[in-house]
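# Close look at the chain arrangement
Here is what each chain is made of, one letter per residue.
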Amino acid sequence: MKLSEIPGATCADHSGVLVLTMDRPPANALNRGLIVGLGRFFTELGSHDAPAPVVLTGAGARFFTAGGDIKELEGTGPGEIEGRMRDFHALLVALDRFPGPLVAAVNGYCVGGGMELALFADAILASPNATFGFPEINHGLLPADKGLQRAVRILGAPAVRSMVLSGRLFSAHEAVDLGVVDRLEDPAALLDAALETARAAAAKAPVLYRSLKRSINDPDSGRDERSLATTISAAHDYFGDPVAAALRAGWNRG
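Residues numbered from 1 in each chain as written. Predicted model: local features only at pLDDT ≥ 70, side-chain atom pairs only at ≥ 80, totals over all residues. Heavy atoms only, no water.

Now for the sheet that holds strand β9 (residues 170-171). Across the sheet, four strands lie side by side as β4-β6-β8-β9; this open sheet has mixed pairing. On the outer flanks of this sheet lie β4 (63-65) and β9, each paired with one strand and no other. (Pairing = 2+ DSSP bridges. Helix = DSSP H or I, 4+ residues; strand = E, 2+ residues; numbered from the N terminus.)

Okay, structure coming up:
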């Protein structure tokens with residue numbers, strides 16, 4: 001699939017670095033078409049011996065991505081939520097296994113599913129006005145199990161426990177202190193800094209970069225299958241729960 005064919009995303013080649021921009025106004029929310037398209041892109045690009053480095057960012061000045069498109073779930077049934085979670089899990093698997101350099105340039109809100117995506121990058125650069133967090137518990141949803149497990153591996157269980165059980169959002173400066181963000185950049189310089197970081201990574205020997213990423217990420221098909229099963233089971237439970245449904249409805253009205 002060509003990136004031009006992915007609804008809600010654009011791609012530009014910056015002298016060998018692919019800048020992938022999520023572009024679904026007003027909040028760059030992740031609908032199913034965008035999720036599927038991104039998953040296919042990273043799977044196909046990752047099959048190359050030396051895939052081009054990628055910078056992942058969001059369009060505009062306010063949102064990297066606000067996460068999953070809750071409005072897309074209005075009037076759907078359990079089958080739709082299961083399919084959606086399978087697609088999102090597949091995207092996280094593709095990111096986990098992507099062997100080339102991947103840099104997240106977080107230009108605004110990076111919450112929910114957006115934070116899960118960013119955590120699979122090799123480096124996260126952010127503007128000082130960026131905001132992070134897992135707010136799903138307050139909106140009648142749950143993060144994907146694979147995304148949560150990635151967060152625990154990177155940030156530690158106590159930090160992630162505090163994030164997900166409260167749903168609290170936190171600033172870019174706090175994200176640096178927590179180890180979510182590598183460094184902050186002025187908004188006007190964010191993309192250039194991300195491009196520079198991606199180019200520096202691409203200058204390394206691809207075979208070594210691939211091997212090191214594989215050792216660090218430690219992808220495991222059996223673990224992924226268990227994680228998907230956990231996500232699907234939880235999705236069936238909360239999608240039919242009246243309290244969770246009321247939270248989703250209130251968020252949609254807001």
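What follows continues from the structure just given.
Spanning 19 residues, helix α9 (residues 221-239) covers 26 Å between terminal C-alpha atoms, matching the ideal 27 Å at 1.5 Å per step. One side-chain oxygen at the N-terminal end of α9 lies 3.1 Å from the backbone nitrogen of Gly 222; it belongs to Asp 220. (Expected span 1.5 Å × (residues − 1). Polar contact = N/O pair within 3.5 Å; in protein donor to acceptor, adjacent residues only side chain to side chain.)

Turning next to the pairing of strand β3 (residues 54-58). Among the five residues of β3, five are classified as buried, and the element is accordingly described as predominantly covered. On β3, burial covers both faces: Val 54, Leu 56 and Gly 58 on one face and Val 55 and Thr 57 on the other are all buried. Sheet topology places strand β2 (residues 17-22) next to β3; five bridges connect them, and they run parallel. Directly across from Val 19, in β3, lies its bridge partner Val 55. Of the crossover connections in this fold, the one passing from β2 over helix α1 (residues 32-46) to the parallel β3 is right-handed. Sheet topology note: the β3/strand β5 (residues 102-106) ladder contains four bridges and is parallel. By the bridge assignment, Thr 57 is partnered in β5 with Ala 105. (Buried < 20%, exposed > 50% of the residue type's maximum accessible area, 1.4 Å probe, protein only. Right-handed = clockwise from strand over helix to strand, strands pointing away.)

Before going further, it helps to spend a moment on the packing of aromatic side chains. Counted by the stated rule, this structure contains four aromatic pairs. Aromatic pair Phe 42 and Phe 98: ring centres 5.4 Å apart, planes at 80 degrees, arrangement edge-to-face. Here Phe 42 is found in helix α1, whereas its partner Phe 98 is found in the loop between α2 (78-97) and β5, with 56 residues between them in sequence. Each member of the pair, Phe 42 as well as Phe 98, is classed as buried. Members of the aromatic cluster, each reached through a chain of ring pairs, are Phe 41, Phe 42 and Phe 98. (Phe/Tyr/Trp six-rings, centres within 6.5 Å; stacked < 30°, edge-to-face > 60°.)

For the rest of this paragraph, the subject is the pattern of salt bridges. Within this structure, the stated rule accounts for twelve salt bridges. Salt-bridge contacts for Asp 87 lead to Arg 32; the nearest nitrogen and oxygen are separated by 2.5 Å. Of this pair, Asp 87 sits in helix α2 while Arg 32 sits in helix α1; the two residues are 55 residues apart in sequence, bridging distant segments of the chain. Judged by its relative accessible area of 27%, Arg 32 is partly exposed. A salt bridge links Glu 174 to Arg 168; its shortest N-O distance comes to 2.8 Å. Judged by its relative accessible area of 27%, Glu 174 is partly exposed. Relative accessible area serves as the criterion here: at 39%, Arg 168 is assigned to the partly exposed category. Each of the salt bridges in this network shares a partner with another, and the network as a whole consists of Asp 96, Arg 97, Lys 146 and Asp 224. (Salt bridge = Lys/Arg side-chain N within 4 Å of Asp/Glu carboxyl O.)

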